[in-house]
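Coordinates in review
Below are the chains, spelled out letter by letter.
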Amino acid sequence: MEKEDDTHKQLVVTGAWRIQLEQEYVHKLSEVKCLEVTQPKYGPGLAAIAACAFPHGHTHGTFIVIKKIKPESLLFVVNAVKLKTSRCAAEGQAIFTGEEMAKMFIFILVTALVVDTEVWALDNCFQEVARLRAQVHLLETQIKQQQIKIEQLLQENEVQLLDRGGENSVFDIGAKRQYADCSEIFNDGYKQSGFYKIKPFQSPAEFSVYCDMSDGGGWTVIQRRSDGTVNFNRAWEDYEKGFGNFVQKNGEYWLGNKNLHFLTIQGDYTLKIDLGDFEKNSRYAQYKDFKVGDEKSSYELHIGEYSGTAGDSLAGRFHPEVQWWASHQRMKFSTWDRDNDNYDGNCAQEDRAGWWFNRCHSANLNGLYHRGPYTAETDNGVVWYTWHGWWYSLKSVVMKIRPNNFIPNIV
């Protein structure tokens, strides 16, 4: 920039407000008569501020353009200049001396740079927050995908356990005959508890099941909870086919709603439920005439007369005022993806299990495996209300069936 004597520098203002925005360098103009700051022509986020200094009577001036400053950052400066010059615009008076112009220019330049730096830093902060949020969302999606994959692998592993059970853990009792349930195996002379193959009359194929040959013998175990190693928060298809550990003696499993139907339409069966808590206490509940309907009925539950020591949670007869919503009698089976309960919401989804829910339950033996007393948003534990209430999750459950008229062959 050309050095001049400050006493001779002045800015002449006419009525027009104009400055032609040019490239980012010092521009020599042949004639400068006025000053204007306008919206930039270089796109969003750009603005310019110009200051002029020239000796009175010279035919040239110095034109300085500072770019990359947002318009809003300089608005207050522009308004100040307009206010100062408006009084003299009509007369063409000189309103800024050289010294004033220099001070104004320095003030504008420093203010613009400071404000622009703050805006730049704020923009960078917002961009960084957006980037981090995108990364968090990506990681959450990846975690969900991994959880789904883990769940699939666990289920595949359980199916493999079932298959291995069919080969390695089932008693080989030869091809003498096909047995409809464990009572027939017991009365045919096989008194050792373990996994056997059975084929109910209408079942298209045989399947493995644990036969409890104690407690009078001949019990077909349809469900077991023992340690929480098997996930019982399953979809409809899993509960229909059956799932779990068909290898270990105390392995957890659900025999499958189709298999329950094929078993219980053969005759009148007694359901016995053995319960245990974490204080080494035990109770039982027993129901005559246990039946499970077919797929069209959504595997509807039917139970008869109760006896036992655990209380009648399944029929909800412990209090007449709650039986209408607490009873599981004639309830359809529900899972998180097949809602058949009498509740406005989804009991299976809230209580994390497949079961014969009403609105919702006084018994939920497929619930989450908490260890004794628990707290949760819903009473989603392994619950038998008439023994330990809704907020105690049992340690062990065995659901097993046997014909009502079973007479053990002790020979």
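Residues numbered from 1 in each chain as written. Predicted model: local features only at pLDDT ≥ 70, side-chain atom pairs only at ≥ 80, totals over all residues. Heavy atoms only, no water.

1. Describing the overall build of the chain
What counts is decided by this rule: Put simply, DSSP H or I for four residues or longer makes a helix, DSSP E for two residues or longer makes a strand, and each gets a number counted from the N terminus. Buried residues are those whose accessible area, probed at 1.4 Å on protein chains only, stays under 20% of the maximum for their type, while exposed residues exceed 50% and partly exposed ones sit between those limits. Residue contacts follow a heavy-atom distance rule, with two residues in contact if any of their heavy atoms lie within 4.5 Å. Accessible surface area values rest on a Shrake-Rupley calculation with a 1.4 Å probe, where residue burial reflects the displayed protein chains alone.
The secondary structure content of the chain amounts to eight helices and 19 strands. Counting every position in the chain, which comprises 411 residues, the buried fraction comes to 45%. Nonlocal contacts in the chain, meaning residues at least 24 apart in sequence, comprise 56% of its contacts between residues at least 6 apart. When the accessible surface of the chain is totalled, it reaches about 21,800 Å², and 53% of it is carbon and sulfur.

2. Let's talk about the environment of D277
Short version of the rule: As used in this structure description, the phrase polar contact means that two N or O atoms lie within 3.5 Å; if the pair is within protein, one of them must be able to donate a hydrogen and the other to accept it, and residues adjacent in sequence are counted only when both atoms belong to side chains.
Inspection of the secondary structure assignment puts D277 in the loop between β11 (269-276) and β12 (282-292). Residue classification places D277 among the buried positions, given a relative accessible area of 3%. Between the C-alpha atom of D277 and that of L394, which follows or precedes it by 117 residues, the distance is 4.9 Å. Within the local environment of D277, its side chain forms a polar contact with the backbone nitrogen of N281, the two atoms lying 2.8 Å apart. A distance of 2.9 Å separates the side chain of D277 from the side chain of H388, its partner in a polar contact.

3. Some remarks on the pattern of salt bridges
Under the convention used in this document: Whenever Lys or Arg places a side-chain nitrogen within 4 Å of a carboxyl oxygen from Asp or Glu, that contact is recorded as a salt bridge.
Per the counting criterion, the structure on display carries 12 salt bridges. In this structure, R177 and E184 form a salt bridge, with 2.7 Å as the shortest nitrogen-oxygen distance. The exposure class of R177 is partly exposed, given its relative accessible area of 38%. Classification of E184 by relative accessible area gives partly exposed; the value is 23%. Taking the shortest distance from any N to any O, the salt bridge between R317 and D312 comes out at 3.0 Å. Overall, R317 belongs to the partly exposed group, its relative accessible area being 44%.

4. Describing the side chain of N257
Within the secondary structure layout, N257 lies in helix α5 (residues 257-264). Given a relative accessible area of 1%, N257 falls into the buried group. When residues no more than four places from it in sequence are discounted, the contact partners of N257 are Y239, E240, V292, Y299 and F333.

5. Quick notes on the environment of W384
Examined against the element boundaries, W384 turns out to sit in strand β17 (residues 383-384). The spacing of W384 and L314 is 70 residues in sequence and 8.3 Å in space, taken between C-alpha atoms. A polar contact is formed between the side chain of W384 and the backbone oxygen of A310, at a distance of 3.3 Å. Side-chain polar atoms of W384 contact the backbone oxygen of G311, separated by 3.0 Å.

6. Observations regarding the packing of aromatic side chains
Stated formally: Classification of ring pairs uses Phe, Tyr and Trp, with its six-membered ring standing for Trp, and accepts pairs whose centres are within 6.5 Å; under 30 degrees between planes counts as stacked, over 60 as edge-to-face, and the remaining range as tilted.
In the structure shown here, the tally under the stated rule is 22 aromatic pairs. Measuring from centroid to centroid gives 5.2 Å for Y239 and F333, while their planes differ by 50°, and the two rings are tilted. Of this pair, Y239 sits in helix α4 (residues 236-241) while F333 sits in the loop between α6 (323-326) and α7 (347-351); the two residues are 94 residues apart in sequence, bridging distant segments of the chain. On the basis of relative accessible area, Y239 is assigned to the buried category, the value being 0%. Between the aromatic rings of W254 and W356, the centroid separation amounts to 6.0 Å while the plane-to-plane angle is 55°, which identifies the pairing as tilted. Of the two residues, W254 sits in strand β10 (residues 253-254) while W356 sits in the loop between α7 and β15 (363-364), which places them 102 residues apart along the sequence. Residue W356 is classed as buried on the basis of its relative accessible area of 1%.

7. What about unusual backbone geometry?
Here the residue pair R359 and C360 is connected by a cis peptide bond, since its omega of 5° sits within 30 degrees of zero. The residue K280 is not glycine, and still its phi comes out positive at about 70°. Tracing the chain through its elements places K280 in the loop between β11 and β12. Relative accessible area serves as the criterion here: at 82%, K280 is assigned to the exposed category.

Any functional reading would require information beyond the geometric quantities listed.
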